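Spelled out, the chains give:
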Amino acid sequence: LIVFFVAAIIISFGFNKSISQVTDIDGNVYKTVKIGNQEWMAENLNVEHYRNGDPILKIKEKNELSAYETGAWCYYDNDMKNEKTYGKLYDWYAVYDARVLAPEGWHISSDAEWTQLIDFLGGDKIAGAKLKATNLWQSPNAGATNETGFTVIPGGFLTYRGQFLSIYQFGCFWSSSKSNNFDLHAWGRDMDYAKLEVYRDESYKSEGRSVRCVKD
């Protein structure tokens, strides 16, 4: 009983699922969740303007994203119906733009901050199960509990070759961190419908991926 009580205390302090919110410059309101010492958005970013009010370039054709080395966004399949559930897909140039993609008081999660989150949840081999939503994913949605309230959804991604892939199967996210190895790459994190893991990968900066923010 004592062990159970201590474990319950640890979980309650580690995952604060009380409802908090943050609002972006376009008026979109996002739920947030505290996990360890971090506070994260619990929904994918969906903003169309940088913090200074400048519009982010909207891509209308799927092969356009790779044609620009500038901040840009699109809907999965260029279909606005996907916006409400999955938010927008951004290239990395939008993530890194000096005009700032994140709401006031927040920033795009760095590679180190993703690592901090994953380590707190027991490491990359099991953290995905604790982060994934329990709905929307293709079966088997391996191990998904969403016990953190982070609610990763399978929004897929847009490849640098202009292909929309893996909606319902993968949640793919940018970090704000450049790769050390390639000028064309940056670090990202992926979660898979068939795995418990969180994968760290080097992705082309022109790919379209989901974005999560962390409180300053």
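Structure: see above.
Read on for an overview of the structure. Fair warning: this is a prediction, and the values are worked out from it, not measured in the lab. (Residues numbered from 1 in each chain as written. Predicted model: local features only at pLDDT ≥ 70, side-chain atom pairs only at ≥ 80, totals over all residues. Heavy atoms only, no water.)

Topic: the sheet that holds strand E5 (residues 72-74)
The three strands are arranged E4-E5-E6 in an open sheet whose pairing can be described as mixed. The open sheet has two edge strands, strand E4 (57-58) and strand E6 (89-90), and neither has a second partner. As defined by bridge partners, E4 adjoins E5 across two bridges and the pair is classed as parallel. Bridge assignment links Leu57 to a residue of E5, and that residue is Ala72. (Pairing = 2+ DSSP bridges. Helix = DSSP H or I, 4+ residues; strand = E, 2+ residues; numbered from the N terminus.)

Examining the pattern of salt bridges
Summed over the entire model, instances satisfying the criterion amount to 11 salt bridges. A salt bridge links Arg99 to Asp97, with the shortest nitrogen-to-oxygen separation between them at 2.9 Å. Classification of Asp97 as buried rests on a relative accessible area of 18%. Of the charged contacts, one joins Arg200 and Asp111 as a salt bridge, the two residues approaching to 2.8 Å between their closest N and O atoms. In this pair, Arg200 sits in strand E12 (residues 198-204) while Asp111 sits in helix H4 (residues 111-120), placing the two residues 89 residues apart along the sequence. (Salt bridge = Lys/Arg side-chain N within 4 Å of Asp/Glu carboxyl O. Buried < 20%, exposed > 50% of the residue type's maximum accessible area, 1.4 Å probe, protein only.)

Thoughts on the nonpolar core
Counting 29 residues, the largest nonpolar core has Trp40, Trp114, Leu117, Leu131, Phe150, Val152 and Met191 as its most contacted members. Listed by contribution, the elements that provide at least two residues to this core are strand E2 (29-35), E5, H4, helix H5 (127-131) and strand E9 (164-167). No other element matches the three residues that H4 contributes to this core. In this view, Leu117 contacts Ile35, Gln38, Trp40, Leu131 and Phe150; residues no more than four positions away in its chain are not counted. (Core = buried A, V, L, I, M, F, W, Y, C linked by side-chain atoms within 4.5 Å. Contact = heavy atoms within 4.5 Å.)

Overview of the pairing of E12
Judged from the seven bridges that link them, strand E11 (residues 185-192) and E12 form a sheet pairing that is antiparallel. Paired with Arg189 across the bridge in E12 is Arg200. Linking E11 back to E12 in an antiparallel pair, the connection comprises five residues.

Some words on the environment of Leu121
As for its position among the elements, Leu121 is in the loop between H4 and H5. Sequence-wise, Leu121 and Gly36 are 85 residues apart; in three dimensions their C-alpha atoms are separated by 9.0 Å.

Looking at the packing of aromatic side chains
Each aromatic ring pair is specified by the distance between its two centres and by the angle formed by the two planes. Counted by the stated rule, this structure contains eight aromatic pairs. Ring centres of Trp92 and Tyr96 lie 4.6 Å apart, and the angle between their planes is 15°; on these two criteria the pair is classed as stacked. Remark: Tyr96 and Trp92 occur in helix H3 (residues 92-96); sequence separation between them is four residues, near one turn of the helix. Pairwise contacts between aromatic rings join Trp40, Trp114, Phe150 and Phe173 into one cluster. For Arg209, the ring lying beneath its charged end belongs to Trp174, and the centroid distance is 5.4 Å. Positioned over the ring face of Phe150 is Arg212, at 4.6 Å from the centre of the ring. (Phe/Tyr/Trp six-rings, centres within 6.5 Å; stacked < 30°, edge-to-face > 60°. Lys NZ or Arg CZ within 6 Å of the ring centre and 35° of its normal.)

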